Amino acid sequence: MGMKMGVLDQMASVLAGHHRPAVRLSGVVDEATAGERFVRGLSNHAALGDQLLISHANGPALAEIIRIDRERVVAAPYERRGAAFLGARAALMGGFAVRPHESWPGRVMDALARPLDGRRLDLGPARPVDADPPPALSRAPLTTAMRTGVKVLDIFAPLVEGQRVGIFSGSGVGKSTLLGMIAAASSFDVVVASLVGERGREVNEMLEGPLKPHKDRTVTVVATGDETAMMRRLAPLTSMAIAEHFRDAGQRVLLIVDSLTRYAHAARDVALAGGEPPVSRGYPPSVFADLTRLVERAGRGSGFGSITAVFAVLVDGDDMEEPVADAARGSLDGHIVLSRAIGEAGRYPAVDPLASLSRLAQRAFRADEWELSRRLRGLVARFEDTRDLRLLGGHKTGADPELDRAVALVPEIYEALIQTPTDPASSDAFAELAAVLAQRHGNAEKANVSA
């Protein structure tokens, strides 16, 4: 009996965040599969996204309504060991909400906002996890430049407070390390990290590795790969609601979602289970609508706070035209592309400066920085475009002064941009790069870059 009450107490803490209906309505489970519960008696009262608390002798289970038919509703449980007995009572709980509190930084929780660190969690006002984005006309403009301390980003793909960017990467190219380096930026008051679909080992390594130095100001929401698609789909929504709480309190929030691709995979599984037909490589149309809706919730609101969001996007086989990557690229304010070839050459962070783009770069740069960044990008492009020609011996010094300059400077630029998590954060990437070039090539070459 004691164990049963412990489960009930745990569920009560979860359900404390629900928008409960004034009158409690219940239905009955009359069919169950491994991932779905079919409930009669609620079709005329329920809405998509409402929660059901299914009770039986083995304890309560929380599920979300993903389909409504004339005679019954279909609900998907959040946990695999949920009640699946015919005749079980299913109480309609309304929409799910979390209750963020100012004491949450430093805490680790699951997608249902239940603490995973064994300590009691303080609760604040309820916030729905599936909230609408701020109205377009009420958003404050994005005008404040931010320095991440990562040299290659601050020079080639700078951020503005409230910007939404994606890190596009294959596996094993340094995505998590780069996310940790961005989290180290002193510009942020609170970091909210959503770890979606990770292996259990990787979660602990992330918490004790890249995020450890910033643990006291980080709220971490975890849904590992062995959890249900419902939990993996919910984790970024819970994280966004937490980030919105701190934004509305006037704080500068960094939201990290690792990864948006696994969120899309989970949303696809749920949509298919609800009977939605696939339209693009197995993805139902609602997946892309959910991606855009999630991204749009970040940024600035009408107040002084902001959510600067960094979404990791896994690119299978380095295919940037993959549906999730393509949809994300169109919704974000910029994209940072990690290159496997650059990583194999030992240059980390393995950011491809030519493929990476910030749509708000001109707002992040001073006029002289914008011009210098443009010149540097041009030198790198000339260097890379002529790589095969030079390997074949087709370049002769003196024949093309611009190419001579690129050949002389770009390898030094690449070397100067190498940075590890243990290196000090850059305070002025342009000044540091100029100092390196001046030291190695003299002031004349430094002037040539900015000419």
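Owing to the predicted nature of the structure, the values given are computational and were not obtained by experimental measurement.

Some words on the packing of helix α11 (residues 367-385) against helix α13 (residues 401-417)
When two helices pack together, their arrangement is captured by the angle between the axes and the distance separating the axes. Taken N-terminus to C-terminus, the directions of α11 and α13 make an angle of 105°; their axes are 8 Å apart at the nearest point. Accordingly, the angle class assigned to the pair α11 and α13 is roughly perpendicular. Contacts between α11 and α13 involve R375, L376, L379, V380, R382, F383 and E384 from the first element and E402, L403, R405, A406, V407, L409, V410, P411, I413 and Y414 from the second. Of the residues contributing to the contact of α11 with α13, the split by class is twelve nonpolar, no polar and five charged.

Considerations on the sheet that holds strand β3 (residues 50-55)
The strands making up a sheet associate through hydrogen bonds between their backbones, and the pairing can be parallel or antiparallel. Pairing in this closed barrel of six strands is antiparallel, and the strands run β1-β2-β5-β4-β3-β6 around the ring. On average, each strand axis in the sheet is inclined to that of its neighbour by 45°, with strand direction left out of account. Bridge count for strand β4 (residues 61-68) against strand β5 (residues 72-77) is five bridges, and the pairing is antiparallel. Within the sheet, the bridge partner assigned to I65 lies in β5 and is A75.

What about the packing of helix α6 (residues 260-273) against helix α7 (residues 285-297)?
Running from N to C, α6 and α7 point in directions that differ by 135°, and their axes come no closer than 9 Å. In this view, α6 runs oblique relative to α7, as classed from their interaxial angle. Relative to α7, α6 is oriented so that their crossing is right-handed. Facing L260, Y263, A264, A267, R268 and A271 of α6, the residues of α7 in contact are S286, V287, D290, L291 and L294. Residue composition of the contact of α6 with α7, grouped by class: eight nonpolar, one polar and two charged.

Some thoughts on helix α4 (residues 200-208)
Those residues of α4 not exposed but buried are V203, M206 and L207. Projected down its long axis, α4 carries its buried residues within an arc of 95°, all on one side. Here the buried face of α4 lies against β8 (108-110), α3 (175-183), β13 (190-196) and β14 (218-223).

Description of the confidence of the model for the chain
Residues of the chain with pLDDT of at least 70 account for 91%, and the chain-wide mean is 88. For residues 1-9, every residue scores under 50 in pLDDT, and the model assigns this stretch three contacts once sequence neighbours within four places are set aside.

Examining the nonpolar core
The biggest cluster of nonpolar side chains holds 62 residues, and the ones touching the most others in it are M109, F168, V192, I242, L260 and F311. Setting aside anything within four residues of it in sequence, one finds V192 in contact with V219, S239, I242, A243, V253, L254, L255 and I256. Judged by nonpolar contacts, the second largest core, of 54 residues, contains F156, F188, L207 and L409.

A short note on the pairing of strand β15 (residues 252-258)
Among the seven residues of β15, six are classified as buried, and the element is accordingly described as predominantly covered. Taken together, the six bridges between β13 and β15 define a ladder with parallel strand orientation. Considered in β15, the bridge of V192 is made with L255. Two strands pair when backbone bridges link them, and β15 and strand β17 (residues 306-314) are joined in this way by six bridges, in the parallel orientation. Bridge pairing in β17 links R252 to S306.

Quick look at the pattern of salt bridges
All told, the structure shown has 33 salt bridges when counted by the stated rule. When the shortest N-O distance is used, the salt bridge between E296 and R164 registers 3.2 Å. With E296 in helix α7 and R164 in strand β12 (residues 164-169), this residue pair connects regions lying 132 residues apart in the sequence. With a relative accessible area of 8%, R164 lands in the buried category.

Some details on unusual backbone geometry
Of note, the amide linkage connecting D258 to S259 takes the cis form, showing an omega dihedral of 15°. Relative to the helices and strands, S259 resides in the loop between β15 and α6. Of note, the amide linkage connecting Y348 to P349 takes the cis form, showing an omega dihedral of -5°. With phi around 50°, R281 is a residue other than glycine that occupies positive phi space. Within the fold, R281 resides in the loop between α6 and α7.

Focus on the pairing of β14
For β14, a buried count of six out of six residues is recorded, marking the element as mostly surrounded by other parts of the structure. Going residue by residue along β14, you find T218, T220 and V222 tucked away on one face and V219, V221 and A223 tucked away on the opposite face as well. By the bridge criterion, three bridges tie β8 to β14 in an arrangement that is parallel. Of the residues in β14, the one forming a bridge with D110 is V222. Bridging between β13 and β14 involves six bridges; their strand directions are parallel. By the bridge assignment, S194 is partnered in β14 with V221. Assessed by its sense of winding, the connection that carries the chain from β13 through α4 to β14 is right-handed.

Some thoughts on the side chain of D258
By the element assignment, D258 lies in strand β15. Its relative accessible area of 0% is what places D258 among the buried residues. Not counting the four nearest positions on each side in its chain, D258 is found in contact with K175, S176, L179, S194, L195, V196, E198 and A312.

Quick notes on the rules
- Residues numbered from 1 in each chain as written.
- Predicted model: local features only at pLDDT ≥ 70, side-chain atom pairs only at ≥ 80, totals over all residues.
- Heavy atoms only, no water.
- Axes fitted to C-alpha atoms, helices over the stretch in contact; angles between N-to-C directions.
- Helix = DSSP H or I, 4+ residues; strand = E, 2+ residues; numbered from the N terminus.
- Parallel < 35°, antiparallel > 145°, perpendicular 65-115°, else oblique.
- Contact = heavy atoms within 4.5 Å.
- Nonpolar A, V, L, I, M, F, W, Y, C, P; charged D, E, K, R; others polar.
- Pairing = 2+ DSSP bridges.
- Left-handed = near helix turned anticlockwise from the far one by under 90°.
- Buried < 20%, exposed > 50% of the residue type's maximum accessible area, 1.4 Å probe, protein only.
- Arc of directions from axis to C-beta.
- pLDDT = per-residue confidence, 0-100.
- Core = buried A, V, L, I, M, F, W, Y, C linked by side-chain atoms within 4.5 Å.
- Salt bridge = Lys/Arg side-chain N within 4 Å of Asp/Glu carboxyl O.
- Right-handed = clockwise from strand over helix to strand, strands pointing away.

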